[in-house]
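Take a look at the letters that make up each chain.
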Amino acid sequence: MVEAINLKSGMIFEKGDKLIRVLETNHHKPGKGNTVMQMKLQDIRSNSIVQTTMRPTEKVDLAIVDKKQAQFLYKQGEVFYFMDLDTYDQYELSAEQIANEVKYLIPELKVQLDFCNEELIGVELPTTVTLRVTETSPNIKGAAAASGGKPATLETGLVVTVPDFIQEGDTLVINTTNGTYKQRA
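Residues numbered from 1 in each chain as written. Predicted model: local features only at pLDDT ≥ 70, side-chain atom pairs only at ≥ 80, totals over all residues. Heavy atoms only, no water.

## Comments concerning the confidence of the model for the chain
For the chain, the mean per-residue pLDDT works out to 85, and 95% of the residues sit at or above 70. Ranking the helices and strands of the chain by mean pLDDT puts strand 8 (residues 79-84) first, with 92, and strand 16 (residues 180-184) last, with 83. (pLDDT = per-residue confidence, 0-100. Helix = DSSP H or I, 4+ residues; strand = E, 2+ residues; numbered from the N terminus.)

Given below as structure tokens:
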């Protein structure tokens, strides 16, 4: 049992027969009244997202999540295939189940598969991935070094803001937690 005030983004808890993933938490103290935890939660099985509030002392049962090292193999239609690196078993997840992770998946990327009671419930990405730029506007000579940057489309379809010197074909390191450019690879 964990109190709501100790829940962090990414944690998974059980509520009835549902598995709930915490997407965001915010400790809110209104001018009058009691402190509450404002949360954005996702039902893992139905993918529905709900905004809710909980008392900080309210307790929830954390789910026991087993992790397995795996590798992303390929995408066929709207299904993504992964292989367990120890047993070579293959697993599949729909694009709907991993909607937030899809934009970072490239073949042979090493990930962790999350299981709860033998049920595959999700994928954990590494903190950074290396992706190639497929489209961006050309470099402008004399552009200010302190400009806000320009959009670049990466090989997975992800669009990020990059510095003006980045060109098509460059390989970039992208932060998977917030989808931002870190550096050139």
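## Looking at the environment of Gln183
Within the secondary structure, Gln183 is located in strand 16. Classification of Gln183 by relative accessible area gives partly exposed; the value is 45%. Those residues in contact with Gln183 that lie beyond four places of it in its chain are Leu172 and Val173. (Buried < 20%, exposed > 50% of the residue type's maximum accessible area, 1.4 Å probe, protein only. Contact = heavy atoms within 4.5 Å.)

## Description of the sheet that holds strand 1 (residues 2-3)
Pairing in this open sheet of six strands is antiparallel, and the strands run 1-6-2-3-4-5 from one edge to the other. Whereas interior strands pair on both sides, the edge strands pair on one side only; in this sheet they are strand 1 and strand 5 (49-54). Sheet topology places strand 2 (residues 12-15) next to strand 3 (residues 18-28); four bridges connect them, and they run antiparallel. Directly across from Ile12, in strand 3, lies its bridge partner Arg21. (Pairing = 2+ DSSP bridges.)

## With respect to the nonpolar core
Phe82, Leu105, Leu113, Leu154, Leu172 and Ile174 are the most contacted members of the largest nonpolar core, which has 29 residues in total. Formed by 11 residues, the second largest nonpolar core is a distinct cluster that contains Ile20, Val22, Met39 and Leu41. (Core = buried A, V, L, I, M, F, W, Y, C linked by side-chain atoms within 4.5 Å.)

## Some details on the pairing of strand 14 (residues 159-162)
Side chains of strand 14 alternate between two faces, with Val160 and Val162 buried and Val159 and Thr161 left unburied. With four bridges connecting them, strand 13 (residues 150-154) and strand 14 associate as antiparallel partners. Paired with Ala152 across the two strands is Val160, which belongs to strand 14. From the end of strand 13 to the start of strand 14, which pair antiparallel, there are four residues, and Gly157 there has a positive phi angle of about 100°.

## Here we look at the packing of aromatic side chains
Taken as a whole, this structure holds four aromatic pairs when the rule is applied. Aromatic side chains Phe72 and Phe80 sit 5.8 Å apart centroid to centroid with 40° between the ring planes, which places their arrangement in the tilted category. Residue Phe72 shares its accessibility class with Phe80, and that shared class is buried. Seen from the ring of Phe115, Lys68 lies directly overhead, with NZ or CZ sitting 4.7 Å from the centre. (Phe/Tyr/Trp six-rings, centres within 6.5 Å; stacked < 30°, edge-to-face > 60°. Lys NZ or Arg CZ within 6 Å of the ring centre and 35° of its normal.)

## Focus: the sheet that holds strand 12 (residues 128-136)
Either a parallel or an antiparallel arrangement is found when strands of a sheet pair, and the pairing is made through backbone hydrogen bonds. Pairing in this open sheet of five strands is antiparallel, and the strands run 14-13-12-15-16 from one edge to the other. At either end of the open sheet lies a strand with only one pairing partner, and these are strand 14 and strand 16. This sheet shows a mean twist of 50° between the axes of neighbouring strands, independent of strand direction. Here strand 15 (residues 171-175) pairs with strand 16 via four bridges, running antiparallel. Bridging from a neighbouring strand, Ile174 pairs with Tyr181 of strand 16. (Axes fitted to C-alpha atoms, helices over the stretch in contact; angles between N-to-C directions.)

## Structural notes on the side chain of Thr136
Secondary-structure assignment places Thr136 in strand 12. Relative accessible area serves as the criterion here: at 12%, Thr136 is assigned to the buried category. Within the structure, Thr136 has its side chain in polar contact with the backbone oxygen of Pro151 (distance 3.0 Å). Contact partners of Thr136, with chain neighbours within four places excluded, come to Lys150, Pro151, Ala152, Ile166, Gln167 and Glu168. (Polar contact = N/O pair within 3.5 Å; in protein donor to acceptor, adjacent residues only side chain to side chain.)

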